[in-house]
Amino acid sequence: MHDVGYVVAGYAPASTVAEQIRSGRPGLSYAAFLTWRGQLVREPPRRPDPERPAAPPMRRHERWKLAFVGSRCTKCQTGHLPPQRVCVKCGAVDQMRDERFADTSCRVATYTLDHLAYSLQPPVVAAFVDYEGGGRFSSELTDVDPKDVAIGKHLEMTFRRLYTAQGVHNYFWKARPGR
Amino acid sequence: MASNGIKDRVAIVGMGCTPFGEHWDKGPEDLLVDAATEAYRSAGIDSEQVDAYWLGTMASGFSGLMLSEALKIPYKPVTRLENMCATGSEAIRNAAYAVACGAYDLVMAIGVEKLKDSGYSGLVGANPPNDGTLSSMTAPATFSLLAPAYAKKYGVEEGTLKQVLARIAWKNHKNGAKNPKAQFRKEVPIETICKSPPVAGMLGIFDCSGVSDGSAAAILCRAEDAHRYSKHPIFIKALSFAAGPAEGYYSQDYDFTTFPEVVASSRDAYRQAGVKDPRAEISMAEVHDCFTPTELVLMEDMGFSPRGKAWKDVLDGRFDGEGPQPVNPDGGLKSFGHPIGASGLRMMYEMWLQLRGEAGPRQIPEPKLGLTHNLGGAPGRCVSFVSVVGL
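Residues numbered from 1 in each chain as written. Chains lettered and ligands numbered in written order. Predicted model: local features only at pLDDT ≥ 70, side-chain atom pairs only at ≥ 80, totals over all residues. Heavy atoms only, no water.

**Student:** Could you clarify how one ought to interpret helix α1 (residues 28-43) of chain B in this entry?
**Tutor:** Working note: α-helix, 3.6 residues per turn, so residues spaced by three or four point in the same direction. Residue and element names in this part refer to chain B. The terminal C-alpha atoms of α1 lie 23 Å apart, and with 16 residues this matches the ideal 22 Å at 1.5 Å per residue to within 8%. Buried within α1 are the following residues: P28, L31, L32, A35, A36, A39, Y40 and A43. Down the axis of α1, the sector holding all buried residues measures 160°, keeping them to one side. On its buried face, α1 is in contact with β1 (10-17), β2 (52-56), α2 (65-71), β4 (106-114) and β7 (213-222). Immediately downstream of α1, the backbone of G44 shows phi near 65°, a positive value. (Helix = DSSP H or I, 4+ residues; strand = E, 2+ residues; numbered from the N terminus. Expected span 1.5 Å × (residues − 1). Buried < 20%, exposed > 50% of the residue type's maximum accessible area, 1.4 Å probe, protein only. Arc of directions from axis to C-beta. Contact = heavy atoms within 4.5 Å.)

**Student:** For this particular structure, what's the right way to read the environment of B:H288?
**Tutor:** Residue and element names in this part refer to chain B. Locating H288 in the fold gives a position in the loop between β9 (284-286) and α10 (292-301). Judged by its relative accessible area of 1%, H288 falls in the buried class. Not counting chain neighbours up to four residues away, the residues in contact with H288 comprise C85, T294, L298, L333, H338, M347, H373, N374 and L375. Of the polar contacts made by the side chain of H288, one reaches the side chain of N374; its length is 3.0 Å. (Polar contact = N/O pair within 3.5 Å; in protein donor to acceptor, adjacent residues only side chain to side chain.)

**Student:** Looking at this structure, I do not really get the interface of chain B and chain A. What am I missing?
**Tutor:** Interface size is commonly expressed as the accessible area that is lost once the parts come together. In this assembly, 33 residues from chain B lie in contact with 40 residues from chain A. The largest share of the area that chain B buries against chain A comes from B:D131, B:Y250 and B:Q252, three residues that together contribute 25% of it. On the surface where chain B and chain A come into contact, there are one salt bridge. Measuring nitrogen to oxygen at the nearest pair gives 3.5 Å for the salt bridge that ties A:K89 to B:D253. Taken together, chain B and chain A are joined by 24 residue pairs in polar contact (both at pLDDT 80 or more). Only α4 (139-144) and β5 (198-200) of chain B provide two or more residues apiece to the side of chain B that touches chain A. Its residues assigned to classes, the side of chain B that touches chain A comprises 16 nonpolar, 14 polar and three charged. (Buried area = accessible area lost by both parts, 1.4 Å probe. Salt bridge = Lys/Arg side-chain N within 4 Å of Asp/Glu carboxyl O. Nonpolar A, V, L, I, M, F, W, Y, C, P; charged D, E, K, R; others polar.)

**Student:** Where do I start with the environment of B:A98 in this structure?
**Tutor:** Residues and elements named next belong to chain B. Mapped onto the elements of the fold, A98 is located in helix α3 (residues 87-100). Judged by its relative accessible area of 8%, A98 falls in the buried class. Between the alpha carbons of A98 and Y53 there is a distance of 9.9 Å; along the sequence they are 45 residues apart. Leaving out residues up to four positions away in the same chain, A98 has contacts with W54, A103 and Y104.

**Student:** Looking at this structure, I do not really get the sheet that holds β2(B). What am I missing?
**Tutor:** One key point about sheets: their strands pair by backbone hydrogen bonds, in either a parallel or an antiparallel sense. Residue and element names in this part refer to chain B. If you trace the nine strands from one edge of the open sheet to the other, you get β3-β2-β4-β7-β1-β8-β11-β10-β9, paired in mixed fashion. In this open sheet, the two strands that pair with only one neighbour each are β3 (78-81) and β9. Put simply, the sheet's adjacent strands are angled 25° from each other on average, direction ignored. Across the sheet, helix α8 (residues 260-273) touches β8 (234-243), β10 (369-378) and β11 (381-390), and the angle it forms with β8 is around 150°. (Pairing = 2+ DSSP bridges. Axes fitted to C-alpha atoms, helices over the stretch in contact; angles between N-to-C directions.)

**Student:** I'm lost on the nonpolar core in this one. Help?
**Tutor:** Residues and elements named next belong to chain B. Ranked by size, the top nonpolar core spans 46 residues in total, and within it L161, F259, L296, M299, M302 and F304 carry the most contacts. Looking at this core, the elements that each hand over two or more residues are α5 (146-153), α6 (158-176), α8, α10, α11 (310-315), β10 and β11. Those residues within four positions of F304 in sequence are excluded, and the remaining contacts are Y270, P278, R279, I282, A285, M299, D313, R318, F319, Q325, V327 and L371. If you look at the next biggest cluster of nonpolar residues, it comprises 39 residues, including A91, A218, A342 and I364. (Core = buried A, V, L, I, M, F, W, Y, C linked by side-chain atoms within 4.5 Å.)

Functional significance is not addressed by these values, which are geometric in nature.
In structure tokens form, the structure reads like this:
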């Protein structure tokens, strides 16, 4: 048994189950659902399978990969995703502090529909996401109809299983329409 | 900070280039033998006369051994290098410095790629072991971002921009149709280009360069030795390279309408070559048209067109084969094809033919200065090479 302690009493999730259900996207076809669950095998595109992520880099970058923690330069306040040692703006070395961007308000800087990228649900909506307070990251958009994407659209980050390759689940963050 | 240049100190005295295309029956070693043999013959030399080699390939082989084993080179230096899609030009740049400094007298720069050996559709790339968070955007997707950004910034209606992009593809196919070594040798009507299946964003199949196999090679020596090998050498006026800090991937200031790396490398090249007005002084150029919007933006980054005006120059035919400033007279990446390790050398090959009056139906009347531009990476995170060559 795990003892979670008294801290859990004060914990509130970022959004409740009810909110998540309410903001879900209806109209998902059963065929799409089965495909995503790997129970309906379709002819693959003539593209390589996704590559298996490697354990040593995953462990080293755990805070970035699982908690979306980037860095901010303490000299010039420029945000960096993923975290960096050298500041892209002022060149300062090792003057960064950790900053979690997972809950930072963000928006579409630009985007494209990628018909060539591997996906269980093409086309991939690929965007550059700009974060309030500074910082930019190239991210896949999810839970969105490609027709509804526009520059400036309000987004939020969401934690997902990107894919599973050779038995290894690859978890990371995508951006979805802000709620 | 110094980038001193080696203007008029290095000459190209021989070149070879295989046809580019789907060479199912040829491996990388076959293409290397073909290109090298043609280059030796072009310079009128035996292979033993070459002192050192620079081999460019992105992913078709490792180590200088790839070349030394294929050509049975006896114990000479062979450097394998890579700088993404600018690999071929990087081979030229490094080989040129080696003769300029006097370390060697006669060298070869050679590039090769066997993209079709992957068996996949489109360009594929392999990453070193990583944490699974790398961007999975394909090359067409990254470059497709240039188009809507350009349209928005300069007030060009998207329908018009689509026509501009199609015109660029049309021009390059028209040029390639006159080129026996190009992968695609048919003119393509603008309507066909506009209607082609979508690949990414505004880009259809015809907005994307050919995935192809091929090899090309150059023989270089110091300018004062050129007469020993060729009656009609061409001379390097400038070689520049800029690797960016990937600012576009971190900074909200990057707006996807320019490549700062191209601006930096072209400015350095013009300074080395003494070019004050590239629009007036550069007679012809081979540029990195991996996708149609890339060529559009390059015209402004390299100073051929004023900011926001390249789209008009394109529609006016300024860069057509018969226009005042032909761009990609050999068909470009678009119709000649883009075997990564070879492309930069293939660009130089067209400058070689044009400056020597050997370009046949593509011949530009009395060109003075030629420019080659080679880019690797993506908008916001790339490397850029520019050379200026002439007689």
